[in-house]
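Chain by chain, the residues run as shown.
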There are 2 protein chains.
Amino acid sequence: MTDGARIRVALADDQELMRQALGIMLEDPPDLELVAQAADGAELLERLRAHRADVVVMDVRMPRMDGIEATRRVRAEHPGTRVLVLTTFDLDEVVFAAIRAGASGFLTKDASAEELAAAIRAVHAGDATLAPRATASLIDFVARAPTAADAETLLAALTARERDVLAELVVGASNDEIAERLYLTGNTVKTHVKAILAKLGLPDRVHVVIWAYEHGLVVR
Amino acid sequence: MTDGARIRVALADDQELMRQALGIMLEDPPDLELVAQAADGAELLERLRAHRADVVVMDVRMPRMDGIEATRRVRAEHPGTRVLVLTTFDLDEVVFAAIRAGASGFLTKDASAEELAAAIRAVHAGDATLAPRATASLIDFVARAPTAADAETLLAALTARERDVLAELVVGASNDEIAERLYLTGNTVKTHVKAILAKLGLPDRVHVVIWAYEHGLVVR
DNA sequence: GCGCGCCTCACCCGATCGGGTGAGATGCGA
DNA sequence: TCGCATCTCACCCGATCGGGTGAGGCGCGC
């Protein structure tokens, strides 16, 4: 479906039984191929050096090196290898930590063979799969993130030049720096800054920065 | 599984054929009950007043009132009703817009009856389901968001009192305001501020605010 | 007991900032 | 053509800020 070749899968789980169960799950699908197994993160990294994998199915809780750290290392050493994290419970902290470490997917261990295979294929295709509860957390996170749209009404009150100055203010430029960058005199900059503060109803440039971040004007 | 009673589902899609197809998909599962149908957002809102629904399965593209706006209204008028958004393509903008409007889930129209039912159950249970591509977008978004952990090394260099002052700086407090809130003299505050600037290697309080936001110290 | 880090406060100084006021040039639309 | 908004710049003033230096009190560990 993706590129003709079989998807090379590596397993990392400290429980022998779980590895066996996962291995069996991966036997049927003809497009999947189990190329490596490991009982912890350190072992996994070692195995991956000999057997490149497209997707690593990784348990979070493992001795020596846990799944989060292992995910980070895998992503650093093998940028092309995607990581699908497996856990017993889909706790928020673990999900976020795994995502930040570079995981592409997240599945609970009660997933069926079909779900696992589908998740591996999705992750390999550059998509992603998350356990329902984890998905809910992410959605909540995204929904909370503000949009630039919220500030647009106030922003519309500013003139073009004032918006230029605002952009400089937001990155922490002093009046002199703004003057230099926009080819203006310090006096002119001050005029614009004063206008901005008045129009936005803010007391000083510090609050302009806060306002900008709070309203999502800054992307980070 | 959730509360014994059947999950009341409402459908909103302008394509008659699609509504029929979805309706048929919902016939089999014994825990789902189709209580209302609508061809656009406005009609949906009207129907929901008579027939409360637990989950609304909503198309994005509809005449009169699109799915995004309809989602917003539904969430405003019926906070207990969850929205599962359906589209033909899982475009990023639509996903984010829908999430911001309050949608709990996101599915492409090529989903199977089982996937649809599972998604409805997940959404009703307070969880969520996303199309794989959409999930990937969200994960990317979350992964990009910085963590407080990034700043912890620098933050560790600050003394307890300096962290108190830092917290005030970040919300835009002037030295006098900080002094008042922390029961200090202006001179003491200045001492702390100077120490903070020196330790963080920043030129002024404006950059402290920027630094805090960039490192995710502020939650928003 | 002595040193060391922390918290507290003080004074001085120069730089920067924000507020107030005014004004010339330009361009756009009524 | 006559406003009107915008952009530009100027000067003044008081407030605030950041840097430098010093110092007393307190608690903790060596």
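In what follows, the accompanying structure is described. (Residues numbered from 1 in each chain as written. Chains lettered and ligands numbered in written order. Predicted model: local features only at pLDDT ≥ 70, side-chain atom pairs only at ≥ 80, totals over all residues. Heavy atoms only, no water.)

1. A closer look at the packing of helix 8 (residues 160–170) of chain A against helix 10 (residues 186–200) of chain A
All names here are of chain A.
Part 1 of the reasoning: Following both chains from N to C, one finds helix 8 and helix 10 inclined at 90°, their axes separated by 9 Å at the closest point. Classified by the angle between their axes, helix 8 and helix 10 sit roughly perpendicular to one another. Across the interface between the two elements, Arg-161, Glu-162, Val-165, Leu-166 and Leu-169 from helix 8 touch His-192, Val-193, Ala-195, Ile-196, Lys-199 and Leu-200 from helix 10.
Part 2 of the reasoning: Per-class residue counts for the contact of helix 8 with helix 10 are seven nonpolar, one polar and three charged. (Axes fitted to C-alpha atoms, helices over the stretch in contact; angles between N-to-C directions. Helix = DSSP H or I, 4+ residues; strand = E, 2+ residues; numbered from the N terminus. Parallel < 35°, antiparallel > 145°, perpendicular 65-115°, else oblique. Contact = heavy atoms within 4.5 Å. Nonpolar A, V, L, I, M, F, W, Y, C, P; charged D, E, K, R; others polar.)

2. Brief notes about the packing of aromatic side chains
Part 1 of the reasoning: Counting across every chain of the model gives one aromatic pair over all chains.
Part 2 of the reasoning: Arranged with centres 4.6 Å apart and planes meeting at 15°, the rings of Tyr213(A) and Tyr213(B) form a pair that is stacked. With one member in each of two chains, Tyr213(A) in helix 11 (residues 205–214) and Tyr213(B) in helix 11 (residues 205–214) form a pair that bridges those chains. (Phe/Tyr/Trp six-rings, centres within 6.5 Å; stacked < 30°, edge-to-face > 60°.)

3. Structural notes on the protein's contact with DNA strand C
Part 1 of the reasoning: In the neighbourhood of DNA strand C, 19 residues make up the surrounding shell, with Lys190(A), Lys194(A), Arg205(A), Thr159(B) and Thr185(B) lying closest.
Part 2 of the reasoning: When atoms of DNA strand C within 4 Å of the protein are split into backbone and base, the sugar-phosphate part holds 58%.
Part 3 of the reasoning: At 2.8 Å from a phosphate oxygen of DNA strand C is found a side-chain nitrogen or oxygen belonging to Arg205(A).
Part 4 of the reasoning: At a separation of 3.3 Å, a phosphate oxygen of DNA strand C approaches a polar side-chain atom of Asn187(B).
Part 5 of the reasoning: The element that contributes the greatest number of residues to the surface near DNA strand C is helix 10 (residues 186–200) of chain B, accounting for five residues. (Near = heavy atom within 4 Å. Polar contact = N/O pair within 3.5 Å; in protein donor to acceptor, adjacent residues only side chain to side chain.)

4. Examining a negative patch on the surface
All names here are of chain A.
Part 1 of the reasoning: A cluster of acidic side chains, namely Glu-27, Asp-28, Asp-110, Glu-114 and Glu-115, defines a negative patch on the protein surface.
Part 2 of the reasoning: Here Glu-27 is to be found in the loop between helix 1 (16–25) and strand 2 (32–38).
Part 3 of the reasoning: Given a relative accessible area of 62%, Glu-27 falls into the exposed group. (Patch = residues over 30% accessible without salt bridge, like charges linked within 9 Å, V, L, I, M, F, W, Y side chains within 5 Å. Areas by Shrake-Rupley, 256 points an atom, 1.4 Å probe, with all protein chains shown as cover. Salt bridge = Lys/Arg side-chain N within 4 Å of Asp/Glu carboxyl O. Lys, Arg positive; Asp, Glu negative; His and termini not counted. Charge placed at Lys NZ, Arg CZ, Asp CG, Glu CD. Buried < 20%, exposed > 50% of the residue type's maximum accessible area, 1.4 Å probe, protein only.)

5. What about the pairing of strand 2 of chain A?
Residue and element names in this part refer to chain A.
Part 1 of the reasoning: In terms of strand pairing, strand 1 (residues 7–12) meets strand 2 through six bridges, oriented parallel. Across the sheet, residue Ala-10 finds its bridge partner in strand 2, namely Ala-36.
Part 2 of the reasoning: The parallel pair strand 1 and strand 2, bridged by helix 1, forms a crossover whose chirality is right-handed. (Pairing = 2+ DSSP bridges. Right-handed = clockwise from strand over helix to strand, strands pointing away.)

6. Details of the environment of His215(B)
Residue and element names in this part refer to chain B.
Part 1 of the reasoning: Within the fold, His-215 resides in the segment after helix 11.
Part 2 of the reasoning: With relative accessibility at 23%, the residue His-215 sits in the partly exposed group.
Part 3 of the reasoning: A distance of 2.8 Å separates the side chain of His-215 from the backbone oxygen of Trp-211, its partner in a polar contact.

7. Observations concerning the pattern of salt bridges
Part 1 of the reasoning: According to the stated counting rule, one finds 20 salt bridges over all chains in the structure shown.
Part 2 of the reasoning: Here Arg121(B) makes a salt bridge to Asp31(B), at a shortest N to O gap of 2.5 Å. Placement of the pair is Arg121(B) in helix 5 (residues 113–124) and Asp31(B) in the loop between helix 1 (16–25) and strand 2 (32–38), with a sequence separation of 90 residues.
Part 3 of the reasoning: The residue Glu69(B) makes a salt bridge to Arg72(B) at a minimum N-O spacing of 3.2 Å. Of the two residues, Glu69(B) and Arg72(B) both sit in helix 3 (residues 67–77), three residues apart, roughly one turn of that helix.
Part 4 of the reasoning: A network of salt bridges, in which partner residues are shared, links Glu69(A), Arg72(A) and Arg73(A).

8. With respect to the sheet that holds strand 1 (residues 7–12) of chain B
Residues and elements named next belong to chain B.
Part 1 of the reasoning: Across the sheet, five strands lie side by side as 2-1-3-4-5; this open sheet has parallel pairing. Looking at which strands have only one partner, the edges of the open sheet turn out to be strand 2 and strand 5 (105–108). Shown here is a sheet whose adjacent strand axes are inclined to one another by a mean of 25°, direction ignored.
Part 2 of the reasoning: Bridge count between strand 4 (residues 82–87) and strand 5: four bridges; the pairing is parallel. Note on strand 5: the bridge partner recorded for Leu-86 is Leu-107.

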